[in-house]
Amino acid sequence: MTSVDSPHRALKVLEAGEGAFHPVDVDGFREWVRDHKDRSLTPRLMTEREAVERFVDDGDYLAYDCNYIMRGPNSLLNEIIRQKKKELWLCGKFTYVDVSLLVGAGVANRIDCGFFIAAPNVQRGVRDGSVTIHEYSNVIMTLRLRAGAMGVSFLPVRSFGGTTGFVHSGARLIEDPYTGDPTVVVPALNPDVAIVHVNQADIYGNARVFGTGIAHVESALASRKVIISAEEIIDTEEIRRNPGLTSIPYYAVDAVVEAPHGAYPGTCPGYYSSDSAAVMEIFQAIRSDTVGEYIEKWITPFETHAEMLHARVGVAKLLELRSQESIREGYHP
Amino acid sequence: MSRAEAFSEREAAMCTVARMVEDGKTYWVAGGGTPLYSTLLGKRLYAPMAQYITEDGVVAPEPSLPFEPMMTMVASRSAHRALAWGTMNSAGLDAQLGFMDVGILNTLQVDQHGNINSTALGEYDGDHRRFGGPGGADTIAACCWRTILMTDQQKRKFVRQVDFISSPGYLDGSPGARERAGLPRGTGPWRVVTPWATYDYLDRRLRLIAHAPWVTVEDILNECEWLPLVADEVAVIDPPTEEEVQILRAELDVRGQTTDAAGEWIIWDGERYVRGT
């Protein structure tokens, strides 16, 4: 038990998790924003290749929103694999296949766990020490992002206490300085880079998400570098006509990539369905430990996501997925 | 209502949970699978005014069934005709505020105090098999007023102490353990449902309160690593009705993603239920 002197009540840390966590530096983050985030309305539309080259670095902490089968930023994830980035640390929440895909591709080796399918390649990595996992939960990870997006260094939360995950995390159990009750606090998360797929954005990065999400707004605001991929690039005049629809403001965004069908093989709700056969294929690949073959078939032979869609999927299939998505209300305001 | 002549054990567990669903309460259902279909069945037959919430912040949807494979969250069909769309943080924070009455979860392993393991079997710091992690279940188990846990009745799943607490039950079982760990007052596990048995808790320890007609109490206890408490009178679980299994198969899980999976078949042989395949 350690304590910090306070004029009113000693702040006591009752228990401390032993896990490493991405360093928290709130003033450093503010200075990054001051020095790197462009507050002028300058176009930041670029190709997925340029965006990933410029804004994803080896060793970065990467947050993606939703996942590979549900409005995931797949054109960007695939480009990260093509560019053979190294040693990424993943925000592995609300994930089925993404973690195993990125570990299998050799681009990621460290994971904050909320949920992901622990495929054979991840199991192997954990056993031989080449993959490190830190334990959290889905909501704890999104609340860490919330704290990061609030500009504070930690956040009290009402779950996670008492778990074994707590022991292997960066969480603390403290005596609440106001009530005296035991309270779990978790470290804020400010990823190095966030990638988010949205329905619409303008060339400056004002972005609209129409469906549900996991923590797209928090991820964008909390991250040092932000790449948005958008199904549609729309005119800024349209943004100005209905500003209430803007989920993420331009000044949080470093790059905008036009990516129609950017969530393929997953769904972009209201726009197109998932391609069930292709979704099953990636599940099968991660379960049967053939991620490498999946990557060689779907990702590395192509220069761009658009080229893959054209060559591997075809216009007829893409149109079919669009017509299969019969529910439109809520996604076309 | 006529009894079903043949059903899977997994269907039986979903019917048991469906009958626990109450009008006017909110259900935070984990992922897809049995918790979601149990809730949908309960709403359809017994409690139309029960509402449910999913991890991506969908509040009270009227989903467009059937779901595409795996697409039980975020997708337009699963979010259809909801009253509100939010995010994981809106769901999590509403749960922190006390808006979620009941959480329904499934798991790999449960122990005598209702702690849940979905992370690792074996020695975490040594030889172990890794699983997916808590997902949303940690917050569901921490913040919903009650939780219903669904699992299979197997010795390797019913253990004295889980290898890893992914989501909290009554922790070490001592009074106030959850509060001392920072969890909200007055919350905790409420029922565990397997295809064979229903448990409640007495003094924060699992207690067998009902068994399926095709197994005995002894069969159940043989599939527990330790001896749970047993109620003075162990009730017999009403088996699924024809209507329940029809709705499960023909309206809810049309693709058989959940109803087809695992569990033995239970067949009415004219006099009693027997296990067969």
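Refer to the structure printed above.
The notes below deal with the structure included here. (Residues numbered from 1 in each chain as written. Chains lettered and ligands numbered in written order. Predicted model: local features only at pLDDT ≥ 70, side-chain atom pairs only at ≥ 80, totals over all residues. Heavy atoms only, no water.)

**Here's the deal with the overall build of chain B**
For clarity, the threshold we go by: The helix and strand labels rest on DSSP assignments: H or I over at least four residues marks a helix, E over at least two residues marks a strand, and numbering proceeds from the N terminus. Within these notes, the globule rule equals 2.2 Å times the number of residues to the 0.38 power, and the radius of gyration is based on C-alpha atoms. Should any heavy atoms of two residues lie within 4.5 Å, those residues are counted as being in contact.
The helix and strand inventory of chain B stands at eight helices and 18 strands. What you see for chain B is a C-alpha radius of gyration of 18 Å, in line with the 19 Å of a compact globule of 277 residues. Across its three principal directions, the C-alpha atoms of chain B cover 50 × 45 × 35 Å. Across chain B, the fraction of contacts at a sequence separation of at least 24, relative to all contacts at a separation of at least 6, is 68%.

**A look at the packing of aromatic side chains**
In plain terms, the rule: Each Phe, Tyr or Trp ring (for Trp, its six-membered ring) is paired with any other whose centre lies within 6.5 Å, and the angle between the two planes then decides the class: stacked below 30 degrees, edge-to-face above 60, tilted in between. When accessible area is computed with a 1.4 Å probe and restricted to protein chains, residues below 20% of their type maximum are described as buried, those above 50% as exposed, and intermediate ones as partly exposed. A ring has a charge above it when a Lys NZ or an Arg CZ is no more than 6 Å from the ring centre and no more than 35 degrees off the ring normal.
Inspection of every chain in the model, using the stated rule, returns 19 aromatic pairs over all chains. Geometrically, the ring pair formed by Tyr96(A) and Phe115(A) is edge-to-face, given 6.4 Å between the ring centres and 75° between the ring planes. Of the two residues, Tyr96(A) sits in the loop between strand E4 (88-92) and helix H4 (98-104) while Phe115(A) sits in the loop between strand E5 (108-113) and helix H5 (120-128), which places them 19 residues apart along the sequence. On the basis of relative accessibility, which here comes to 26%, the residue Phe115(A) falls in the partly exposed class. Seen from their ring centres, Trp214(B) and Tyr273(B) are 6.1 Å apart, and the 65° between their planes marks the pair as edge-to-face. Highlighted residues: Trp214(B) in the loop between strand E15 (205-211) and helix H7 (217-222) and Tyr273(B) in strand E18 (residues 273-276), separated in sequence by 59 residues. We note that Trp214(B), like Tyr273(B), is buried. Within the aromatic cluster, the residues linked to one another by ring pairs are Phe94(A), Tyr96(A), Phe115(A) and Phe283(A). Between the NZ or CZ atom of Arg3(B) and the centre of the ring of Trp268(B), over which it lies, the distance is 3.9 Å. The cationic tip of Arg191(B) hangs over the ring face of Trp190(B); the distance from NZ or CZ to the ring centre is 4.0 Å.

**Regarding the interface of chain A and chain B**
Quite often, the size of an interface is put as the accessible area lost when its parts meet. What counts is decided by this rule: A simple way to read buried area is as the amount of 1.4 Å-probe accessible surface that goes missing from two parts once joined, with both sides added. Counted as salt bridges are all cases of a side-chain nitrogen of Lys or Arg within 4 Å of a carboxyl oxygen of Asp or Glu. Any pair of N or O atoms that falls within 3.5 Å is considered a polar contact. Within protein, one atom must be able to donate a hydrogen and the other to accept it, and sequence-neighbouring residues count only if both atoms are side-chain atoms. For this classification, the nonpolar set comprises Ala, Val, Leu, Ile, Met, Phe, Trp, Tyr, Cys and Pro, the charged set comprises Asp, Glu, Lys and Arg, and every other residue, Gly included, is treated as polar.
Chain A puts 57 residues into the contact, and the matching count from chain B is 54 residues. Summed over both sides, the interface between chain A and chain B buries roughly 4400 Å², with carbon and sulfur atoms accounting for 59% of that surface. Summed over the shared surface of chain A and chain B, the result is one salt bridge. Linking chain A to chain B there are 22 residue pairs in polar contact (both at pLDDT 80 or more). For the side of chain A that touches chain B, the elements supplying multiple residues, two or more each, are H5, strand E6 (132-135), helix H6 (138-150), helix H7 (164-167), strand E9 (182-187), helix H8 (216-222) and helix H10 (276-287) of chain A. Counting residues per element, the side of chain A that touches chain B draws most heavily on H6(A), at six residues. Each residue belonging to the side of chain A that touches chain B can be placed in one class, and the counts come to 28 nonpolar, 23 polar and six charged.

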